[in-house]
Amino acid sequence: VQLVESGGGLVQPGGSLRLSCAASGFTFSNYIMSWYRQVPGKERELVAAITTAGGVTNYADSVKGRFTISRDNAKNTVYLQMNSLKPEDTAVYYCHVRGTVVGIKLDYWGQGTQVTVSS
């Protein structure tokens, strides 16, 4: 199983970034996918999650209305569109898969991508 994030970087407050997570090694369309973020000294927190077909999404209160999670099962990729970014969104963002489908249990993290929001 491999999860590879990309799309992080430095952006000014109010700007936008789109993160991507390319998945391989498992049947992507069978699993709920999530984005987490972590700031040094703090616990990793859930940012957004999306069900297998993309019909249901869930967001942390702090990002509702600004971030959008989506997935393309044909490309084995999950995205996080981040708009109206704030300095407090600065963190390392991680892609995550966890679940058990037909007896196959997964709990994997990507390597993370740094997002820095600063003027």
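Residues numbered from 1 in each chain as written. Predicted model: local features only at pLDDT ≥ 70, side-chain atom pairs only at ≥ 80, totals over all residues. Heavy atoms only, no water.

**A word on the overall build of the protein chain**
- Along the protein chain, the regular secondary structure elements total zero helices and eleven strands.
- When the helices and strands of the protein chain are read in sequence order from the N terminus, they spell out β-β-β-β-β-β-β-β-β-β-β.
- Radius of gyration (C-alpha) of the protein chain: 14 Å, near the 14 Å computed for a compact globule of 119 residues.
- By principal-axis analysis of the C-alpha atoms, the protein chain measures approximately 45 × 30 × 25 Å.
- A burial count over the protein chain gives 39% of its 119 residues as buried.
- For the protein chain, restricting intrachain contacts to residue pairs at least 6 apart in sequence, the fraction spanning at least 24 positions comes to 53%.
- Counting every atom, the protein chain has about 6200 Å² of accessible surface; 48% of that belongs to carbon and sulfur.
- Averaging the coordinates of the 11 positive side-chain charges in the protein chain and doing the same for the 8 negative ones gives two points 3 Å apart. (Helix = DSSP H or I, 4+ residues; strand = E, 2+ residues; numbered from the N terminus. Rg over C-alpha atoms; globule rule 2.2 N^0.38 Å. Buried < 20%, exposed > 50% of the residue type's maximum accessible area, 1.4 Å probe, protein only. Contact = heavy atoms within 4.5 Å. Areas by Shrake-Rupley, 256 points an atom, 1.4 Å probe, with all protein chains shown as cover. Lys, Arg positive; Asp, Glu negative; His and termini not counted. Charge placed at Lys NZ, Arg CZ, Asp CG, Glu CD.)

**Things to note about the state of the cysteines**
- Evaluated as defined, the whole model comprises one disulfide.
- A sulfur-sulfur separation of 2.1 Å characterises the disulfide bridge that pairs Cys21 with Cys95. Taking the sign of the S-S torsion, -80° for the link of Cys21 and Cys95, the bridge is left-handed. Of the two residues, Cys21 is situated in strand 3 (residues 17-24) and Cys95 in strand 9 (residues 91-101); the sequence distance between them amounts to 74 residues. (Disulfide = S-S within 2.5 Å.)

**Regarding the pattern of salt bridges**
- In total, this model carries four salt bridges according to the counting rule given.
- A salt bridge links Glu45 to Arg37; its shortest N-O distance comes to 2.6 Å.
- Of the charged contacts in the structure, one is a salt bridge between Asp89 and Arg37, with a shortest N-O distance of 2.9 Å. A residue pair is termed long-range when its members are at least 10 positions apart, and Asp89 in the loop between strand 8 (77-82) and strand 9 and Arg37 in strand 4 (residues 33-38) qualify at 52 residues. We note that Asp89, like Arg37, is buried. (Salt bridge = Lys/Arg side-chain N within 4 Å of Asp/Glu carboxyl O.)

**Regarding the pairing of strand 4**
- Counting buried positions along strand 4 gives five out of six residues, so the element sits mostly inside the fold.
- The pairing of strand 4 with strand 5 (residues 45-50) spans five bridges and is antiparallel. Residue Trp35 lies in a different strand from strand 5, and its bridge partner there is Ala48.
- Between the antiparallel neighbours strand 4 and strand 5 lie six residues, among them Gly41 with a positive phi of about 85°.
- Across six bridges, the pairing between strand 4 and strand 9 is antiparallel. By the bridge assignment for strand 9, Met33 is matched with Val97. (Pairing = 2+ DSSP bridges.)

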